[in-house]
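Notes for the structure review
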Amino acid sequence: MSSILAHINSPKDVKALLPEQLPLLAKELRDFIIEIVATKEGHLGASLGVIELTIALHYCYNLPEDNLVWDVGHQAYPHKILTGRKDIFHTNRQLNGISGFPKRSESIYDDFGTGHSSTSISAVLGMALGTQIKGELSKNNIAVIGDASIASGMAFEGLNHAGVTDANFTVILNDNAIGIDPSVGALKNYFTKSKRGAFIGHPNIIEALNFEYLGPVDGHDIDALIENINALKKIRGPKLLHVVTTKGKGLKQAEKDQIKYHAPGKFNAETGELIPKNNDVAPPKYQEVIGETLLELYKTNDKLVTITPAMPTGSGLNELMRQYPSRTLDVGIAEQHAVTLAAGLATQNLLPICVIYSTFLQRAYDQVIHDVALQNLPVIFLIDRAGLVGRDGATHHGVFDIAYLRCIPNISIAAPSNEMDLRNLLYTASNGLDQALAIRYPRGKATMIDWKQPLKHITLNQGKKLISGTKTAVLGLGKMTIQAKKALESLNKNTSIALYDLIFVKPLDTVLLNEVFEQFTSIITIEDGTIHGGVGSAILEYAQEQNYKGKIITLGIPDEFIEHGSTDELYELCGLSVEKLTKLFLSI
């Protein structure tokens, strides 16, 4: 390890350096992150972009006495390394290792957990008001908000409140004009003009909110950063430093292709070239299935409008956006707006399709209830990344959507187990709905190579039998149907266990369930959502209504937050791996 970084174990060590040593620390820190992420994977571009800013913040502020919050949290790799986690940074996002995001239980230097975006301003304002109430007036409270998070409505709610307080509150705007995809919207254009000096001599939007504004400042000039941060410290009340950075700074390929190098997977640390993945013919990702199916549907259905909150690349919508720009809308990090926008489109006899990660749909729960379901508007929710998502951990697992949607009237919920059923369900729904429909699907590879079959109409709210049996019925949902099928196929055709693919959570296929209740004395439900409130709970409720006397075992995500690790490791922990299911089935 290089000489300076080797001796940095806390912000006090950073503060002890001479100013002329800081650029060398920046180089060593950048090289260290590149070397680790090249083999262990993770979020690369955002952290490379804040190296100098991180060093300046640790140099100028008194941590952990001062409060510092990173938003979004994938910018925090340099912060973690400088705060005593350098020697274990190689465990980042690994099972039992450190989290890929700030985490309060992990370090005294992580003042707030920030796996989602745009929460820092509200959180740090709360900290600032809290220190003010306690009389700790010398404490600094800093929110570093970047990767397009400032454009979210919640960020502006925080700014709006902060502007009428006298709390000792600092916002560092890390302006790199990109989140995971390029930033969109009028605010992005405003900050672009601001960087070019278009508003010199005129009040800007930040000053209009009663903030002291400094900037724009080159976010890779440590001396300029230190000078401006020290100037901010002398100002009381709310203030904002506008810092301009380059995402992926210091790695040529990451600067050039900022989308791909946001989280690039494995790459050559010296050259930056991505390491090719296995080129064997394999099933597509579910996100690719969605993107290509929508392209097919758009050709014959001009009522479809697709909305995504800042995730066109991750959700497989780039080509749809290119071919149909007026009907494929990226609204930025604005989940609440995305859902209510969809509701508004539905009032105009269009069929909006809201493509959104399960974990991010949580942020628009009121809009799903109040703006879509209450008014019984036909909106299709394509819920991406449903279930356990792996190394992003507890903030990103999509395990609550079944439970939080199932209690809402006027909405149906489905979870196909393969890409053909997913395509056909989307095709059927695109031909018209009388209420909202949520279709959930997992992250990663689907199941079939020859998946692009002609689209077919299917009967809604109807499951199907996959394997016959005589004693026990396994009722699977979504990806867990495939897990159960693999486990049963390893039992050498044990005909005592049947397998059903439920497909629909709400409404349940009561015809299928009544047949199961009549034929089987024991039932096992399996899902990759939380056990409490999930499809297993729904079946237990219906079984009680029908006075079913058999035994029902519910399998799913336990009542706890599941941490980070590979999906296979997490399935094992939750009892949902093929191996664990096989052992269970053998015991029956």
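Attention in this report is confined to the structure presented alongside it. (Residues numbered from 1 in each chain as written. Predicted model: local features only at pLDDT ≥ 70, side-chain atom pairs only at ≥ 80, totals over all residues. Heavy atoms only, no water.)

By the definition in use, this model includes eleven aromatic pairs. The interplanar angle of 40° and the centroid separation of 6.2 Å between the aromatic rings of Phe32 and Phe89 together place this pair among those described as tilted. Pair noted here: Phe32 is in helix H2 (residues 22–40) and Phe89 is in the loop between helix H5 (77–85) and helix H6 (120–133), with a separation of 57 residues, a long-range link. The class for Phe32 is buried, based on a relative accessible area of 11%. Considering the side-chain rings of Tyr500 and Phe520, the 6.3 Å spacing of their centres and the 85° angle between planes classify their relative orientation as edge-to-face. Highlighted residues: Tyr500 in strand S14 (residues 497–501) and Phe520 in the loop between helix H20 (510–519) and strand S16 (522–530), separated in sequence by 20 residues. Looking at Tyr500, the relative accessible area reads 3%, which means it is buried. Joined through ring pairs, the aromatic side chains of Phe32, Tyr77 and Phe89 make up one cluster. If you follow Lys233 out to its NZ or CZ, it ends over the ring of Tyr61, 5.7 Å from the centre. (Phe/Tyr/Trp six-rings, centres within 6.5 Å; stacked < 30°, edge-to-face > 60°. Helix = DSSP H or I, 4+ residues; strand = E, 2+ residues; numbered from the N terminus. Buried < 20%, exposed > 50% of the residue type's maximum accessible area, 1.4 Å probe, protein only. Lys NZ or Arg CZ within 6 Å of the ring centre and 35° of its normal.)

What follows concerns the sheet that holds strand S13 (residues 472–476). Strands sit in the order S12-S14-S13-S16-S17 across an open sheet of five strands; the sheet is mixed. With one partner strand each, in any of the chains shown, strand S12 (464–467) and strand S17 (551–557) form the two edges of the open sheet. Direction aside, neighbouring strands of the sheet carry axes that sit 25° apart on average. (Pairing = 2+ DSSP bridges. Axes fitted to C-alpha atoms, helices over the stretch in contact; angles between N-to-C directions.)

Bringing the sheet that holds strand S2 (residues 141–146) into the picture now. Whether parallel or antiparallel, the strands of a sheet pair through hydrogen bonds between backbone atoms. Taken in spatial order, the five strands of this open sheet run S1-S2-S3-S5-S4, and their pairing is parallel. The sheet terminates laterally at strand S1 (67–71) and strand S4 (212–218), the two strands that pair on one side only. Across the sheet, the axes of successive neighbouring strands diverge by a mean angle of 15°, strand direction being ignored. As paired elements, S2 and strand S3 (residues 169–175) share five bridges and run parallel to each other. Bridge assignment links Ile145 to a residue of S3, and that residue is Leu173. Each of S1, S2 and S3 touches H6; the most contacted strand, S2, lies at about 175° to it. (Contact = heavy atoms within 4.5 Å.)

Burial in helix H7 (residues 153–162) covers these residues: Ala155, Gly158, Leu159 and Ala162. Considered in projection along H7, the buried side chains sweep an arc of 100° and stay on one side of the axis. Every exposed residue of H7 that faces more than 90 degrees away from the buried side is listed here: Glu157 and Asn160. Lining the buried residues of H7 we find H6, S2, S3 and strand S5 (238–244). (Arc of directions from axis to C-beta.)

Right, let's talk about the environment of Gly130 for a bit. Mapped onto the elements of the fold, Gly130 is located in helix H6. Separated by 293 residues in sequence, Gly130 and Arg423 place their C-alpha atoms 51 Å apart.

Glancing now at the environment of Gly73. Tracing the backbone shows Gly73 in the loop between S1 and H5. By relative accessible area, which is 0% here, Gly73 ends up buried. C-alpha of Gly73 to C-alpha of Ile145: the two residues are 72 residues apart in sequence and 9.2 Å apart in space. Filtering out sequence-adjacent residues up to four positions away, Gly73 remains in contact with Gly100, Phe101, Pro102 and Thr114.

Purely spatial values, then, with no claim about function.
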